Amino acid sequence: MKEQTLLRKARDHAANAADRAKGERPCFHFTPQTGWMNDPNGLCVYRGEYHLFYQSNPYRTTWGTIHWGHAVSTDLLTWRHLPIAIAPDTEADKGGCFSGGAVPLPDGRLLLMYTGVSGTNPPEQTQCIAVGDGVDFEKLAHNPVIGAAQLPEGYSTADFRDPKVWLEGGELMCAVACKNGSGRGEILLFSGSLEGEWTYRSTLCANPGDLGSMWECPDFFSLDGWQALLINPQEMRATADMQFHPGNNTVMMLGEYDAAAHRFEPKKRCVVDYGLDYYAPQTLKTPDGRRVMIGWMANWDTVDGAHAASHWYGHMGLPREISVRDGRLIQSPVRELEAYWAGETAVRRTVCSETVSFDGVCGRLADVSVRVREREAGGLKRFDVQIAKGGGLCTQIICSFEEGTLTLDRSLSGSARDILHRRTIRLDTARGEIDLRIVLDKECVEVFACGGEAVLSMLIDTPLSAQDMAFRAYGTAETEIVCRQLKR
Ligand code: FRU
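Here we summarise the structure given alongside this text. Please read all numbers here as calculations on a predicted model, not as lab measurements.

Turning our eyes to something else, we now look at the overall build of the protein chain. Along its length, the protein chain carries 1 helix and 33 strands. Taken over the C-alpha trace, the protein chain has a radius of gyration of 23 Å; the compact-globule value for 488 residues is 23 Å, and the two agree within 12%. Intrachain contacts of the protein chain at a sequence separation of at least 6 include 59% that bridge at least 24 residues. Summed over its atoms, the accessible surface of the protein chain is roughly 19,400 Å², and 47% of this surface lies on carbon and sulfur atoms. For the protein chain, the distance from the average site of its 51 positive side-chain charges to the average site of its 63 negative ones is 3 Å.

Right, dumping it as structure tokens:
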């Protein structure tokens, strides 16, 4: 009965608060019905719809009392809120229902696997299951299904979370993040069933030492002939090659999976997002075979205090199609976005040698492609794209041909906080050409550079009255710009 009460209370609260919580929201980036949101959870296709669950505190715009919020969509861009799926209402999860995954079962039901937090100092993190019809879920009476008893010696349940669950040859498998005795992240593999016991199978991958401390929120899937392991290392140090930044990173390891031996052999590491606001993504496979990824558009080090006036907090990044080309991770906005293109302004083959702007190339709901070329070798030192410009504010995308770098800089975007506002990465400018695709959705900015080889995501704190765009060449540039307005 206690179970019913907490879940009903959360559902009623969310339904009532939803009206108050409308406010100004992005159009294509998912935001929670009310309260706080962090990681995407249980991203899957079930009964012909995309299901997105998420870490939710329905009662406040700060983290705490973690439930699973829930929404569905048929195109990954327009979401319908559903009642909160699970609440922290049992002994095993009374401290929160942390992140996890979902898998449709052969009998037609949907299984959610999540981390139940119980106890304090240290908190105990164990893996639990709930099964349902896609709206209502019942937790297994014998939760947790994976706890201290299933862990190999030397591991503890203090940092043991975020199961990614899937079916392999009729058996349920899950990959769980764990911190080992030396304080380093590992991904452990378990197998089991709904009714039966769960068993530790192998360590899929362990932090060799240079990938932070704990790893969070694993995902594990095949991608264009590779096996991909997605991890989110905490407390990473920056690397001099500008690949990894300090703090939480998201890394995709590409390698090989020996399913019989349950071994994963990583071969390559790819940075998933070079921006300031992206973490803990999950993926799903669309019915037409695409691998689509959705991440939380935020940064644990800067979330506090970023959400004063609203009744909701948290954005998901734009869903991205991901693939591997020449051993590199390639990302692009889901093609479903094209259905929302409304009105196109194309400015082709323009020579640009100062600051220019163009009629129709503007807006805060826009999908803009920019191709920049040097007119002659060495004749273009730098090229800037200024977006969300107006009232003395703007966000800048700076392509330095001289340095071979790309910078996304929101320091003039209107933020009044002393936090990181700028990130620079290396970019191959040797061909004297750069292409950018910039998606603006009010306060969300995503830059896909070089055909999607590098992506930078950031939230900007800029009033929507700042609608302009400008382009500035230091030298002489040939540009091609196509600006599509986005409309619901
Ligand atoms: C990642 C994370 C997960 C955890 C969840 C708690 O952002 O720390 O490891 O399950 O958030 O809300």
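Relative to strand 16 (residues 263-271), strand 15 (residues 251-258) is paired through 8 bridges, and the arrangement is antiparallel. Bridge pairing in strand 16 links Glu256 to Glu265.

Okay, the sheet that holds strand 26 (residues 393-400) next. Pairing is antiparallel in the open sheet, where 6 strands are placed in the order 23-32-25-26-27-28. With one partner strand each, in any of the chains shown, strand 23 (355-356) and strand 28 (422-426) form the two edges of the open sheet. Across 7 bridges, the pairing between strand 25 (residues 380-390) and strand 26 is antiparallel. Note on strand 26: the bridge partner recorded for Ile387 is Thr395.

Looking now at the site of the ligand. Neighbouring the ligand are Asn38, Asp39, Gln55, Trp63, Phe98, Ser99, Arg161, Asp162, Glu216, Cys217, Tyr279 and Trp300. Trp63 has a polar side-chain atom sitting 2.9 Å from an oxygen atom of the ligand. When residues of the shell around the ligand are traced back to their parent elements, those giving at least two are strand 1 (35-46), strand 5 (97-104), strand 9 (160-168) and strand 13 (215-223). In terms of residue class, the shell around the ligand is built from 5 nonpolar, 3 polar and 4 charged.

Take the packing of aromatic side chains next. By the definition in use, this model includes 18 aromatic pairs. Centroid distance Phe30 to Trp79: 5.8 Å. Interplanar angle 70 degrees. Geometry classified as edge-to-face. Pair noted here: Phe30 is in the loop between helix 1 (2-20) and strand 1 and Trp79 is in strand 4 (residues 79-86), with a separation of 49 residues, a long-range link. Take Phe30: its relative accessible area is 5%, and that puts it in the buried class. With relative accessibility at 15%, the residue Trp79 sits in the buried group. Across the ring face of Tyr59, the terminal group of Lys9 is positioned such that the distance to the ring centre comes to 4.9 Å. Arg484 extends its terminal NZ or CZ atom over the ring of Trp341, reaching a point 3.9 Å from the ring centre.

A few words now on unusual backbone geometry. The amide bond that connects Asn143 to the next residue, Pro144, takes the cis arrangement and shows omega of -5 degrees. Relative to the helices and strands, Pro144 is located in the loop between strand 8 (137-139) and strand 9. For Asp162, which is not a glycine, the phi torsion comes out positive at approximately 70 degrees. Tracing the backbone through its elements, the reader meets Asp162 in strand 9. Look at Asp162 and you get buried, because its relative accessible area is 4%. Despite not being glycine, Ala280 shows a phi value in the positive range, around 55 degrees. Inspection of the secondary structure assignment puts Ala280 in strand 17 (residues 279-285).

Okay, the sheet that holds strand 33 (residues 477-486) next. Pairing is antiparallel across the open sheet formed by 6 strands, whose spatial order is 22-33-24-29-30-31. Strand pairing shows two members of the sheet lacking a second neighbour, strand 22 (341-352) and strand 31 (454-459), which therefore form its edges. Direction aside, the axes of adjacent strands within the sheet are offset by 15 degrees on average. Note that strand 22 and strand 33 share 9 bridges and pair antiparallel. The partner of Val351 across the bridge, within strand 33, is Glu478.

In the structure shown here, the tally under the stated rule is 0 disulfides. The closest cysteine sulfur to the non-disulfide-bonded Cys128 is located on Cys97, 7.6 Å from its own sulfur.

By the definition in use, this model includes 32 salt bridges. Lys179 is the partner of Asp159 in a salt bridge, and the nearest nitrogen-oxygen pair spans 3.7 Å. Highlighted residues: Asp159 in the loop between strand 8 and strand 9 and Lys179 in strand 10 (residues 171-179), separated in sequence by 20 residues. Among the ionic pairs, Asp409 bridges to Arg422, the shortest N-O distance being 2.8 Å. With Asp409 in strand 27 (residues 405-409) and Arg422 in strand 28, the pair connects residues that are 13 residues apart, well separated along the chain. Judged by its relative accessible area of 7%, Asp409 falls in the buried class. Judged by its relative accessible area of 44%, Arg422 falls in the partly exposed class. Each member of the salt-bridge network shares a partner with another, and the members are Arg349, Arg371, Arg373, Arg375, Glu433, Glu478 and Glu480.

With 61 residues, the main nonpolar core has Leu204, Val370, Phe383, Ile397, Leu406, Leu436 and Ile438 as its most contacted residues. Top contributing element to this core by residue count: strand 25, with 5 residues. Among residues more than four places away in sequence, those in contact with Leu436 are Val368, Ser369, Val370, Val385, Ile397, Cys399, Leu406, Val447, Phe448 and Ala449. The next biggest cluster of nonpolar side chains, apart from the first, holds 35 residues, and it includes Ala280, Ala298, Tyr340 and Phe448.

So, about the environment of Phe264. By secondary structure assignment, the location of Phe264 is in strand 16. Along the backbone, Phe264 and Met458 are 194 residues apart, and their C-alpha atoms lie at a distance of 32 Å. Not counting residues up to four positions away in its chain, the partners in contact with Phe264 are Leu204, Cys205, Phe220, Gln227, Leu229, Met253, Leu254, Gly255, Glu256 and Tyr257.

All right, on to the pairing of strand 14 (residues 226-233) then. The side chains of a regular strand alternate, first on one face of the sheet and then on the other. Counting buried residues along strand 14, 7 of its 8 residues qualify, which places the element largely inside the surrounding structure. Where strand 13 lies against strand 14, 7 bridges are found, and the strand directions are antiparallel. The residue bridging Phe221 from the neighbouring strand is Ala228, located in strand 14. Sheet analysis places strand 14 next to strand 15, joined by 5 bridges and oriented antiparallel.

Criteria and cut-off values
- Residues numbered from 1 in each chain as written.
- Predicted model: local features only at pLDDT ≥ 70, side-chain atom pairs only at ≥ 80, totals over all residues.
- Heavy atoms only, no water.
- Helix = DSSP H or I, 4+ residues; strand = E, 2+ residues; numbered from the N terminus.
- Rg over C-alpha atoms; globule rule 2.2 N^0.38 Å.
- Contact = heavy atoms within 4.5 Å.
- Areas by Shrake-Rupley, 256 points an atom, 1.4 Å probe, with all protein chains shown as cover.
- Lys, Arg positive; Asp, Glu negative; His and termini not counted.
- Charge placed at Lys NZ, Arg CZ, Asp CG, Glu CD.
- Pairing = 2+ DSSP bridges.
- Near = heavy atom within 4 Å.
- Polar contact = N/O pair within 3.5 Å; in protein donor to acceptor, adjacent residues only side chain to side chain.
- Nonpolar A, V, L, I, M, F, W, Y, C, P; charged D, E, K, R; others polar.
- Phe/Tyr/Trp six-rings, centres within 6.5 Å; stacked < 30°, edge-to-face > 60°.
- Buried < 20%, exposed > 50% of the residue type's maximum accessible area, 1.4 Å probe, protein only.
- Lys NZ or Arg CZ within 6 Å of the ring centre and 35° of its normal.
- Axes fitted to C-alpha atoms, helices over the stretch in contact; angles between N-to-C directions.
- Disulfide = S-S within 2.5 Å.
- Salt bridge = Lys/Arg side-chain N within 4 Å of Asp/Glu carboxyl O.
- Core = buried A, V, L, I, M, F, W, Y, C linked by side-chain atoms within 4.5 Å.

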